[in-house]
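# Understanding the architecture of this molecule
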Amino acid sequence: MAMYNIYHGVGCTGAQYDYTRDFIDENEALYEAYERAIEDYKSYEGCHGIPSEEEITEEYCEENDIEFEDLTEDDFDDIHDLYIEEVESWISYKVVLADEDTDVEPDNRDYF
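Anyway, here's the lowdown on the structure attached to this text.

What counts, and at which threshold
Residues numbered from 1 in each chain as written. Predicted model: local features only at pLDDT ≥ 70, side-chain atom pairs only at ≥ 80, totals over all residues. Heavy atoms only, no water. Buried < 20%, exposed > 50% of the residue type's maximum accessible area, 1.4 Å probe, protein only. Helix = DSSP H or I, 4+ residues; strand = E, 2+ residues; numbered from the N terminus. Arc of directions from axis to C-beta. Contact = heavy atoms within 4.5 Å. Core = buried A, V, L, I, M, F, W, Y, C linked by side-chain atoms within 4.5 Å.

Moving on: helix α2 (residues 53-63). Those residues of α2 that sit buried are I56, T57, Y60 and C61. The arc that holds every buried residue of α2, seen down its axis, measures 140 degrees, which confines them to one face. In this structure, α2 carries E62 and E63 as exposed residues pointing more than 90 degrees from its buried face. Where the residues of α2 are buried, they touch α3 (73-90). Where α2 terminates, the next one or two residues include D65, which has phi positive at roughly 45 degrees.

And the structure:
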């Protein structure tokens, strides 16, 4: 177990420090940071040019000249892939071992 500082964000602000917590390993901490970044993205969907999955679905239908009710499972898989690609182009996240992080002073950390 190790203490990691969790950073995440959406858009041009980049990943911002959120909190410090004990994790089994770096992969578990990264997954947590990724999930927080996804939550950030979803809170902005439909605003500031950040598309929702519904908007991507509409665009897909227009580009492929297909009605929503005619979408196949493969189409939905493609739409989901496009959505994830879009999300990942907007989010940023990282983790840093708390003991090695020079950006956040120990007295300014939020521990969970």
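Our focus in this paragraph is the side chain of T57. Topologically, T57 is positioned in helix α2. When sequence neighbours within four positions are dropped, the list of residues in contact with T57 reads F68, L71 and I79.

All right, on to the nonpolar core then. Y41, V87 and I91 are the most contacted members of the largest nonpolar core, which totals 14 residues. Among the elements of the structure, α1 (26-44), α2 and α3 are those that each provide at least two residues to this core. The element best represented in this core is α1, accounting for 4 residues. In contact with I91, other than residues within four places in its own chain, are G9, V10, Y34, A37, I38 and Y41. Judged by nonpolar contacts, the second largest core, of 7 residues, contains I6, Y19, F23 and V95.

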